[in-house]
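Report on the structure
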Amino acid sequence: MRLAIAEINLQALAHNLAQVKRFAPGCKVMAVLKANAYGHGLVKIAQYLNDADAFAVARIDEALALRAGGLTKPIVLLEGFFHQDDLPILLANNFQTIIHDENQLATLENTSLDAPIACWLKVNTGMHRLGIAPSQFESFYSRLKASQNARDDIKLMTHFSCADDINDEKTAQQIALFNSLADGKNEQHCLANSAGIIAWPKGHGEWIRPGLMLYGVSPMLNGVGQQHGLEPVMRLTTRVIAIRDVDADQCVGYGGRWHSDKPTKLAVVAMGYGDGYPRHAEQGTPVVIKSQRYGIVGSVAMDMITVDIGDNRDNIKVGDEVIMWGPELPVEEIAQCATTIPYELLCNITPRVSYEYQE
Ligand SMILES: *Cc1c(COP(=O)(O)O)cnc(C)c1O
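Residues numbered from 1 in each chain as written. Predicted model: local features only at pLDDT ≥ 70, side-chain atom pairs only at ≥ 80, totals over all residues. Heavy atoms only, no water.

What follows covers the layout of surface pockets. Size it by volume and the largest pocket reaches roughly 950 Å³. Surrounding the largest pocket, 41 residues form its lining, Tyr-38, His-159, Asn-193, Ile-341 and Tyr-343 being those nearest its centre. Counting only elements with at least two residues in the lining of the largest pocket, the list comes to helix H2 (34-39), helix H9 (194-199), helix H10 (331-337) and helix H11 (342-347). Taken together, domain 1 (10-221) and domain 2 (234-358) each give at least three residues to the lining of the largest pocket, which thus spans both. (1 Å grid on protein atoms, 1.4 Å probe; cavity = no way out; pocket = protein on both sides within 12 Å on 5 of 7 lines; lining within 4 Å. Points joined across faces, edges and corners; volume = space filled by probe spheres on them. Helix = DSSP H or I, 4+ residues; strand = E, 2+ residues; numbered from the N terminus. Domains from an automatic or database assignment.)

Structure, rendered in structure tokens:
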């Protein structure tokens, strides 16, 4: 009997990419595959994104893994390169780089390369993470244009900090600042992550960078219950491995964090933080067994979780499937129960979980 399984629905993935394109008609899509494609499996996910124009990852190793897996689309390195020695690797593998600071630009300028590299100039418009200051834009842009090591078209990019909140004016300010710099240049623009794609059409530009929405999950603040026409790609399941009776007034699990106020039955479920399930999931966080919701009780352990099934009127048995999240139980909701975001839950799936890809 296989226990923790992440079922990956590849048709849902393709549907979501089509839905991305409906949100941003005519835009080129850079599909974001960092962190093992948000826990969905890097190469396998990339293989089913034929309709994307490029891939984006955070680190060179992720990009090399895509090439090793036989993927040939352009790959954008969202943090750029870190060392001069990386540049020949970029060139040999058709990797494109972000340029976000002086070190990178100087290294690019001062290295001898056989051919130019495709560059994306990243401007900080208010996120204050990566990106050159707006005041540096003109000088960086003209230096890149002049460098023989940068391909002639310099794509222009920024990143939103608050696009998930439709009431936050910051995004409109970021778009305005970006446009004030970029409008005079005849280059392609790239601003929007998933939330930007869904909520800020003025920030679409020529290129978009969807991550989370490709996996069928809402990027929006209060995303619980918002589907945006997307379909969840992952269903995380496991099995019941024991059913037990608990008397009234018993403390259950590590630290005795839950207390039975009446006699009840518990289903012990083979899933824990060793699989990536959040240890901080609150009492009552739902799971689905036989199409019914039940709440978890006690502490999430490394390998097991206990679920209160009351008088077990659904006749739950050892071996029954338990859905931790998926189409029947939005991961957005589990994230809320664990005071985190769905991004973190998806990325945290551990190698102990087996993957099943469904075409
Ligand atoms: C991760 C990331 C994205 C994708 O963000 P989502 O919210 O998952 O769509 C886009 N751009 C940059 C720079 C990123 O780091």
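Now for unusual backbone geometry. If you check the backbone angles, Lys-290 has positive phi at about 50 degrees while not being a glycine. As for its placement among the helices and strands, Lys-290 is situated in the loop between strand S14 (286-289) and strand S15 (292-297). With phi around 55 degrees, Asn-312 is a residue other than glycine that occupies positive phi space. Following the sequence through the fold, Asn-312 ends up in the loop between strand S16 (305-310) and strand S17 (321-325). According to the relative accessible area criterion, Asn-312 is buried, its value standing at 13%. (Buried < 20%, exposed > 50% of the residue type's maximum accessible area, 1.4 Å probe, protein only.)

Glancing now at the UniProt feature "active site" (unreviewed entry) in the protein chain. This chain's UniProt record puts "active site" (unreviewed entry) on Lys-34 and Tyr-254. Across 221 residues in sequence, these annotated residues place their C-alpha atoms as far as 34.7 Å from one another, rather than forming a single compact spot. Residues that both appear in the annotated list above and line the largest pocket are Lys-34. Apart from the residues lying within four places of it in its own chain, the contact partners of Lys-34 are Ala-56, Val-57, Ala-58, Glu-62 and Leu-78. Relative to the helices and strands, Tyr-254 is located in the loop between strand S11 (251-252) and strand S12 (258-259). In this structure Tyr-254 touches Ser-299 and Ala-301, once residues within four positions along its chain are discounted. (UniProt positions renumbered as here; feature names shortened; annotations may be inferred. Contact = heavy atoms within 4.5 Å.)

This part takes up helix H5 (residues 86-93). Looking at H5, one finds that the buried residues are Asp-86, Leu-87, Leu-90 and Asn-93. Buried positions in H5, seen along its axis, are confined to an arc of 145 degrees and lie on one side of it. Asn-94 sits one or two residues past H5 and shows a positive phi near 55 degrees. (Arc of directions from axis to C-beta.)

All right, on to empty space enclosed by the protein then. Per the stated rule, a full pass over the model turns up two cavities of 30 Å³ or more. Looking at the largest cavity, its volume works out to about 60 Å³. If you trace the largest cavity, you find 14 residues lining it, with Val-217, Pro-232, Met-234, Trp-325 and Val-331 closest to the centre. When its residues are assigned to classes, the lining of the largest cavity shows ten nonpolar, three polar and one charged. Viewed by domain, the lining of the largest cavity spans two of them, domain 1 (10-221) and domain 2 (234-358), each represented by three or more residues. Space inside the second largest cavity adds up to approximately 40 Å³. Forming the boundary of the second largest cavity are Lys-122, Val-123, Asn-124, Thr-125, Met-127, Arg-129, Leu-130, Thr-158 and His-159. (Nonpolar A, V, L, I, M, F, W, Y, C, P; charged D, E, K, R; others polar.)

Our focus in this paragraph is the domain arrangement of the protein chain. Assigned domains within the protein chain: domain 1 (10-221) and domain 2 (234-358). Taken over C-alpha atoms, the centre of domain 1 sits 37 Å from the centre of domain 2. Tallying the contact residues gives 14 residues for domain 1 and ten residues for domain 2. Approximately 1,100 Å² of surface area, both sides summed, lies buried where domain 1 meets domain 2, with 66% of it carried by carbon and sulfur atoms. Viewed at the interface, domain 2 and domain 1 are joined by zero salt bridges. Summed over the shared surface of domain 1 and domain 2, the result is four residue pairs in polar contact (both at pLDDT 80 or more). Elements represented by at least two residues in the side of domain 1 that touches domain 2 include exactly helix H1 (10-23) and H2. Per-element tally for the side of domain 1 that touches domain 2: the top contributor is H2, with four residues. Grouping the amino acids of the side of domain 1 that touches domain 2 by side-chain chemistry returns six nonpolar, seven polar and one charged. (Buried area = accessible area lost by both parts, 1.4 Å probe. Salt bridge = Lys/Arg side-chain N within 4 Å of Asp/Glu carboxyl O. Polar contact = N/O pair within 3.5 Å; in protein donor to acceptor, adjacent residues only side chain to side chain.)

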